[in-house]
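The primary structure of each chain is shown beneath.
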Number of protein chains: 2
Amino acid sequence: MTDRTDEPLLLTPGPLTTSRTTKEVMLRDWGSRDGEFIAMNARVRDHLVELAGGAETHTAILLQGAGTFAVEAMIGTLVPRQGKLLILINGAYGRRMAQLSKVIGRTYVTLETPEDTPPDPAAVAAVLAADPAVTHVAMVYCETTSGLLNPLAEVAVVVAAAGRRLLIDAMSAFGALPCDAREIRYDALVSSFNKCLEGVPGAAFVICRRAALEAAAGNAHSVVLDLHDQWVFMERAGQWRFTAPTHVIAAFDRALAEHAAEGGIAGRGARYRRNCQVLIAGMRAMGFRTLLPDALQAPIIVTFHIPSDPRFAFEEFYDRLRRRGYVIYPGKVTAADTFRIGCIGRLSEADMRGALTAIRGVLDEMGVRVPVAAVAASSL
Amino acid sequence: MTDRTDEPLLLTPGPLTTSRTTKEVMLRDWGSRDGEFIAMNARVRDHLVELAGGAETHTAILLQGAGTFAVEAMIGTLVPRQGKLLILINGAYGRRMAQLSKVIGRTYVTLETPEDTPPDPAAVAAVLAADPAVTHVAMVYCETTSGLLNPLAEVAVVVAAAGRRLLIDAMSAFGALPCDAREIRYDALVSSFNKCLEGVPGAAFVICRRAALEAAAGNAHSVVLDLHDQWVFMERAGQWRFTAPTHVIAAFDRALAEHAAEGGIAGRGARYRRNCQVLIAGMRAMGFRTLLPDALQAPIIVTFHIPSDPRFAFEEFYDRLRRRGYVIYPGKVTAADTFRIGCIGRLSEADMRGALTAIRGVLDEMGVRVPVAAVAASSL
């Protein structure tokens, strides 16, 4: 996994580092009516449904654009104009679903917890019991704002028991963490080509219960974001409704094959967990503190507190690491000064150790001292 | 331009054939906060504004997704909810603007002419005089349904004289046909990375009058399609508001450099005109008839009538040409049985002659006889 020479490793929530072989398939052009391309679309869709455990119940809809395009499309298509959405919020991506719902004119209420606190499934049950108008519940599986893993399975049980429908933003989770539709009841789940499945950015997808989609004709607030019409067209023609990002799709087809070769969700998740363990252990050994306790930490991206030493300036830290070949990410939580380091993409344990060595070197260059507190070893 | 071996040439309206060098820049990954990537975005935007002759007045907004995403974004952002749109229609892309307006809740009227007939600027003037509620006029520059070139400059004069604002779908024209904002008054113009500028598909752009954009805050029906917010964010951060299709953008940056090296709009347009002349002359010599008279034909894509010989079956014709390395396109006009051959993308006169030879061979294989009528030579 060290097949890059002139480019840095991306330890970010995306765009992230992809394999050379994934990128190489972009060296040709495909016609959108071409049999080979049509077969590729079908293969990608079948693979996604298989990963979601949804062969009996769900379908996969591919959508041009960034992941947020698919989140807006999911809410706009699946929540009827007379529906009402309960949005669980503990970070920027939960807040974004509220913003999307407001702009596109869907009624919603929120249940918000602090950015380091998962929602309590009992509290969700209480809101649903008290507000029979709520038809759908939306939640983020892994909140990359903090790196927190939300209790998807537990919330899904509560939502199903109350007879409501669940919509999941699984952007940075799908492909590495379990979201099996046979175990977790949901109507729709969104993710992107360029997160744990390690394609290149440019498109996203929605795994959607077919019955819910069939009932959603005419709901959407937009033509291009209408998942029902996108689905009907692709089912009929095997092609995309509007010009397909052919190179991005071909790269994703290859990335899915590499995901399978790595052992699918279990294999990919195991590598990310090792990356995360190595990262957290190494950072703690240098004195850094994680925002989250290990029990809430998803193996996707880790938020660290900015050291108290005034010689630590994030932009300088970022630039110096960049020059050593590692790109990290600024913090996003509102309540603390932090930065983030991602564990996903084409990164190995050796890459994480390389990043740790670079961080050690940069701290020394900057003269930053991080007092090592007595912290527990990672138990992830 | 014959650097492909195992892939066909795409004689289509897109996705189309791009240069090897354009695709090769996709062999690396970029972080979205990276200085190099931020500089690339700025360079691309400046280049587009320059091509549009809009340095004094306009800005370029990049948007994830297919071209239609940008058309919907243009209408949704720039036509206020109390506005009214006049849409000039003579093909599928004009009709699509009406469909978009209807779904997103913008009031509109249409002025429709047959698919082989451009709108009469005097008729546009009459509608505007009779309906003072109309605030905006939308038109398609080159209707790829037929290949017809609409009278953009003439309509623009009429719209400006009536004090209304012009929105242009220049999808398959920008980069090869003139759309200079100093000569043609418009508020916004949409095109795609993957048409005459010969990038790969996956994103589009809107050239927009800055004053119109500043007045458009809060208009949009969608978060992801809000051009005002996309613009404000990119101006402030130099980054895309939602995950950028980094590889697609890098390829476009390279494609723009190759466009400049070819002589910009004049050079690119001249190559396409030669391609078109060679194609039409060669097809007429084999007895094919074009849908349009030469005076209405844009040098982008040409619609031919299906030969009357019953041995001509389009799907077989398509498949046989495909096996010889040339991908063509089905017809789209409603009033006649036709097929289309594109002149755009990384295609040379020699490629067009190769396509003609292949067509001759396929007709002979199929036993199709096309009687050569006494047709005038192309005067394009």
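Residues numbered from 1 in each chain as written. Chains lettered and ligands numbered in written order. Predicted model: local features only at pLDDT ≥ 70, side-chain atom pairs only at ≥ 80, totals over all residues. Heavy atoms only, no water.

## Focus on the relation of the copies chain A and chain B
- Of the two same-sequence chains, chain A is brought onto chain B (RMSD 0.0 Å, axial shift 0.0 Å) by a rotation of 180 degrees. Taken together, the rotation and translation describe the operation of a two-fold axis. Within chain A, Gly65 of chain A has its C-alpha nearest the rotation axis, a separation of 2.2 Å. (Least-squares fit on C-alpha atoms with pLDDT ≥ 70 in both.)

## Notes on the pattern of salt bridges
- Inspection of every chain in the model, using the stated rule, returns 57 salt bridges over all chains.
- Residue Glu36 of chain B is joined to Arg28 of chain B by a salt bridge in which the shortest nitrogen-to-oxygen separation is 3.4 Å.
- Here Arg28 of chain B falls in the buried class, since its relative accessible area comes to 11%.
- Salt bridges sharing common partners tie together Glu198, Arg254, Glu258, Glu262, Arg268, Arg271 and Arg346 of chain A. (Salt bridge = Lys/Arg side-chain N within 4 Å of Asp/Glu carboxyl O. Buried < 20%, exposed > 50% of the residue type's maximum accessible area, 1.4 Å probe, protein only.)

## A word on the environment of Leu347 of chain A
Residue and element names in this part refer to chain A.
- Within the element layout of this structure, Leu347 appears in the loop between β14 (338–342) and α12 (349–366).
- By relative accessible area, Leu347 is classed as buried at 0%.
- In the structure, Leu347 is positioned 336 residues away from Leu11 in sequence and 8.2 Å away in space, judged by C-alpha atoms. (Helix = DSSP H or I, 4+ residues; strand = E, 2+ residues; numbered from the N terminus.)

## A word on the domain arrangement of chain A
Residues and elements named next belong to chain A.
- By domain assignment, chain A separates into domain 1 (9–13 + 265–366) and domain 2 (20–261).
- Between the C-alpha centres of domain 1 and domain 2 there is a distance of 27 Å.
- Counting from both sides, the interface comprises 24 residues of domain 1 and, opposite them, 25 residues of domain 2.
- For the domain 1 and domain 2 pair, buried surface summed over both sides reaches about 2100 Å², with 58% attributable to carbon and sulfur atoms.
- Our count for the contact surface shared by domain 1 and domain 2 stands at four salt bridges.
- Between Arg271 and Glu198 there is a salt bridge whose closest N-O contact spans 2.9 Å.
- Linking domain 1 with domain 2 are eleven residue pairs in polar contact (both at pLDDT 80 or more), by the criterion used here.
- Among the elements that line the side of domain 1 that touches domain 2, the one with the most residues is helix α10 (residues 264–285), at six residues.
- Split into classes, the residues belonging to the side of domain 1 that touches domain 2 amount to 13 nonpolar, five polar and six charged. (Domains from an automatic or database assignment. Contact = heavy atoms within 4.5 Å. Buried area = accessible area lost by both parts, 1.4 Å probe. Polar contact = N/O pair within 3.5 Å; in protein donor to acceptor, adjacent residues only side chain to side chain. Nonpolar A, V, L, I, M, F, W, Y, C, P; charged D, E, K, R; others polar.)

## Digging into the packing of aromatic side chains
- Summed over all chains, the structure comprises 25 aromatic pairs over all chains.
- Centroid distance Phe193 of chain B to Phe205 of chain B: 6.4 Å. Interplanar angle 40 degrees. Geometry classified as tilted. Of the two residues, Phe193 of chain B sits in the loop between β9 (188–192) and β10 (203–209) while Phe205 of chain B sits in strand β10, which places them twelve residues apart along the sequence.
- Phe205 of chain B sits in the buried class, given a relative accessible area of 0%.
- Members of the aromatic cluster, connected to one another through ring pairs, are Phe288, Phe304, Phe312, Phe314, Phe317, Tyr318 and Phe339 of chain A.
- The cationic tip of Arg33 of chain A hangs over the ring face of Tyr318 of chain B; the distance from NZ or CZ to the ring centre is 5.0 Å. (Phe/Tyr/Trp six-rings, centres within 6.5 Å; stacked < 30°, edge-to-face > 60°. Lys NZ or Arg CZ within 6 Å of the ring centre and 35° of its normal.)

## Side note on the confidence of the model for chain A
All names here are of chain A.
- Residues of chain A with pLDDT of at least 70 account for 96%, and the chain-wide mean is 95.
- For residues 1–5, every residue scores under 50 in pLDDT, and the model assigns this stretch ten contacts once sequence neighbours within four places are set aside.
- Below a pLDDT of 50 lies the segment residues 376–380, which in the model reaches 13 contacts outside its immediate sequence neighbourhood of four places, other chains included.
- The ipTM assigned to the predicted complex is 0.96, against a pTM of 0.96. (pLDDT = per-residue confidence, 0-100.)

## Examining unusual backbone geometry
Residue and element names in this part refer to chain A.
- Note that the residue after Gly14, namely Pro15, is joined by a cis bond; omega there is -5 degrees.
- Within the secondary structure, Pro15 sits in the loop between β1 (9–10) and α1 (20–24).
- Not every positive phi belongs to a glycine, and Glu198 is a case in point at roughly 60 degrees.
- Here Glu198 shows up in the loop between β9 (188–192) and β10 (203–209).

## Observations regarding the sheet that holds strand β4 (residues 107–112) of chain B
Residues and elements named next belong to chain B.
- Read across the sheet, seven strands follow the order β2-β10-β9-β8-β5-β3-β4 without closing on themselves; strand pairing throughout is mixed. Since the sheet does not close on itself, it has two edges, and those belong to β2 (58–64) and β4, each with one partner. Neighbour to neighbour, the strand axes of the sheet diverge by 20 degrees on average, direction disregarded.
- Here strand β5 (residues 136–140) runs beside strand β8 (residues 165–169); their pairing, made up of five bridges, is parallel. Across the sheet, residue Ala138 finds its bridge partner in β8, namely Leu167.
- The strands that helix α3 (residues 67–78) touches are β2, β3 (84–89), β5, β8, β9 and β10; relative to β9, the one it contacts most, it runs at about 165 degrees. (Pairing = 2+ DSSP bridges. Axes fitted to C-alpha atoms, helices over the stretch in contact; angles between N-to-C directions.)

## Here's the deal with the side chain of Gln64 of chain B
- Within the secondary structure, Gln64 of chain B sits in strand β2.
- A polar contact of 3.3 Å, which involves the side chain of Gln64 of chain B, links it to the side chain of Gln230 of chain B.
- A polar contact of 3.2 Å, which involves the side chain of Gln64 of chain B, links it to the backbone oxygen of Thr243 of chain B.
- Residues contacting Gln64 of chain B, with those up to four places away along its chain left out, are Gly65, Ala66 and Phe69 of chain A together with Phe69, Gly202, Ala203, Gln230, Trp240, Phe242, Thr243 and Pro245 of chain B.

## Re the interface of chain A and chain B
- If you look at the interface, chain A gives 57 residues, while chain B gives 57 residues.
- Taken over both partners, the interface formed by chain A and chain B buries close to 4700 Å², and the fraction arising from carbon and sulfur atoms is 60%.
- If you sort the residues of chain A by the area they bury against chain B, Leu27, Asp29 and Arg33 of chain A come out on top, with a joint share of 16%.
- Run the count over chain A and chain B and you get eight salt bridges.
- Where Asp34 of chain A meets Arg322 of chain B, a salt bridge forms, and the shortest distance between an N and an O atom there is 2.6 Å.
- Taken together, the connections running from chain A to chain B amount to 16 residue pairs in polar contact (both at pLDDT 80 or more).
- Listed by contribution, the elements that provide at least two residues to the side of chain A that touches chain B are α1, β2 (58–64), α3 (67–78), α4 (92–104), α9 (246–261), α11 (314–323) and β13 (329–330) of chain A.
- At five residues, α4 of chain A tops the list of elements feeding residues into the side of chain A that touches chain B.
- Taken together, the residues that form the side of chain A that touches chain B break down as 28 nonpolar, 15 polar and 14 charged.

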